[in-house]
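# Breakdown of the fold
Below are the chains, spelled out letter by letter.
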Amino acid sequence: NDEEEQTKIQGHATSLRSLLNGRPPLRRLAKNPLLCAMICALYQERLQNLPNERLQLYEECVEMLLTRRDEGRRVSTNYDYPPLTLSQRLALLQDLSYWMIINGYSDVEVDLTDQRFERKLPALSLTDTSGEKVRRLFVDRTNLLREPVVGRIDFTHLTFQEYLAASEAVEEDSFGVLIKHAGNDTWRELIVLALGIARQKE
């Protein structure tokens, strides 16, 4: 009944607060409303557990937004949007995020966003879709991109943009670029994340 469900929810909330109190890095992230909502959703999905490491938390949050959000609701997006795999979605968003950061863009015109996706499609063997359809998928269904002002696209949260850009920098072996920006405060978090993602030799 409703009373039992409410008691269960309150118990989960208490357990989550206790868990965050024991993990200061995650507790600091929970101060942001969007990240707090993501942590709660991930906590429920993982049966009252959370990753120990910040990088793993970002990875699982991004994966949940890109795929499991609609899968969990049994929502099919294939009729209205291109049926992209998780790896294809990650490749497209990583490319966009890194390109934006390199150019110092906090947001981008819709047409430029579509063009950026369009350039990446052939490398992913995606010839039967368009950059515009890809952009609509990310804005409408993933909560990673948004259009806060008509005609302008940005990431819903800088944390996810920096994580995706760091992943792209490591994949592209762009360590010279990271070293070049080592003294730039706006690159600090991206560089820290890239160091965490990189293999030992890198």
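Check the entry above for the structure.
Residues numbered from 1 in each chain as written. Predicted model: local features only at pLDDT ≥ 70, side-chain atom pairs only at ≥ 80, totals over all residues. Heavy atoms only, no water.

The complete set of buried residues in helix H7 (residues 131–141) reads Gly131, Val134, Arg135, Leu137, Phe138 and Arg141. Just downstream of H7, Asn143 is the residue with a positive phi angle, here 65°. (Buried < 20%, exposed > 50% of the residue type's maximum accessible area, 1.4 Å probe, protein only. Helix = DSSP H or I, 4+ residues; strand = E, 2+ residues; numbered from the N terminus.)

Before going further, it helps to spend a moment on the pairing of strand S2 (residues 145–149). Alignment of S2 against strand S3 (residues 152–155), held across 3 bridges, turns out to be antiparallel. What sits directly across from Arg146, in S3, is Asp154. Taking the residues between adjacent antiparallel strands as the criterion, S2 and S3 are bridged by 2 residues, where Gly151 takes a positive phi near 90°. (Pairing = 2+ DSSP bridges.)

This part takes up the packing of helix H1 (residues 2–21) against helix H3 (residues 33–45). As a packed pair, H1 and H3 sit with axes 11 Å apart at the nearest point and diverge in direction by 110°. When the axis of H1 is compared with that of H3, the two are roughly perpendicular. Along this stretch, H1 crosses H3, giving a crossing that reads as right-handed. Along the contact surface, H1 presents His12, Ser15, Leu16, Leu19 and Leu20, while H3 presents Ile39, Cys40 and Tyr43. When the residues that make up the contact of H1 with H3 are grouped by side-chain class, the tally is 6 nonpolar, 2 polar and no charged. (Axes fitted to C-alpha atoms, helices over the stretch in contact; angles between N-to-C directions. Parallel < 35°, antiparallel > 145°, perpendicular 65-115°, else oblique. Left-handed = near helix turned anticlockwise from the far one by under 90°. Contact = heavy atoms within 4.5 Å. Nonpolar A, V, L, I, M, F, W, Y, C, P; charged D, E, K, R; others polar.)

Now for the pairing of S3. Here is the key point about a regular strand: its side chains alternate between the two faces of the sheet. Where strand S1 (residues 108–109) lies against S3, 2 bridges are found, and the strand directions are antiparallel. Within S3, the position partnered with Glu109 by the bridge is Arg152.

This brings us to the pattern of salt bridges. Pairing is possible between side chains of opposite charge, provided their charged atoms come close. Counting across every chain of the model gives 7 salt bridges. The partner of Glu189 in a salt bridge is Arg54, and the shortest N-O contact between them spans 2.3 Å. Of the two residues, Glu189 is situated in helix H10 (residues 188–197) and Arg54 in helix H4 (residues 54–73); the sequence distance between them amounts to 135 residues. The exposure class of Arg54 is partly exposed, given its relative accessible area of 26%. Residue Arg135 is joined to Asp114 by a salt bridge in which the shortest nitrogen-to-oxygen separation is 2.8 Å. (Salt bridge = Lys/Arg side-chain N within 4 Å of Asp/Glu carboxyl O.)

Core analysis: the biggest nonpolar cluster contains 57 residues, and Leu50 and Leu93 have the highest contact counts within it. With 8 residues, the top contributor of residues to this core is helix H5 (residues 86–102). When near neighbours in sequence (up to four residues on either side) are disregarded, Leu93 contacts Leu66, Phe117, Phe138, Leu144, Leu145, Phe155 and Leu164. (Core = buried A, V, L, I, M, F, W, Y, C linked by side-chain atoms within 4.5 Å.)

It is worth spelling out a negative patch on the surface at this point. A contiguous patch of negative charge on the surface is contributed by Asp2, Glu3, Glu4 and Glu5. You can see Glu4 is positioned in helix H1. Residue class for Glu4 comes out exposed when judged on its relative accessible area of 55%. (Patch = residues over 30% accessible without salt bridge, like charges linked within 9 Å, V, L, I, M, F, W, Y side chains within 5 Å. Areas by Shrake-Rupley, 256 points an atom, 1.4 Å probe, with all protein chains shown as cover. Lys, Arg positive; Asp, Glu negative; His and termini not counted. Charge placed at Lys NZ, Arg CZ, Asp CG, Glu CD.)

This model, assessed by the stated rule, comprises 3 aromatic pairs. Judged by centre distance (6.1 Å) and plane angle (65°), the ring pair of Tyr58 and Tyr163 falls under edge-to-face. Separated by 105 residues along the polypeptide, Tyr58 in helix H4 and Tyr163 in helix H8 (residues 158–171) bring together distant segments of the chain. Summarising the burial analysis for this pair, Tyr58 and Tyr163 share the class buried. (Phe/Tyr/Trp six-rings, centres within 6.5 Å; stacked < 30°, edge-to-face > 60°.)

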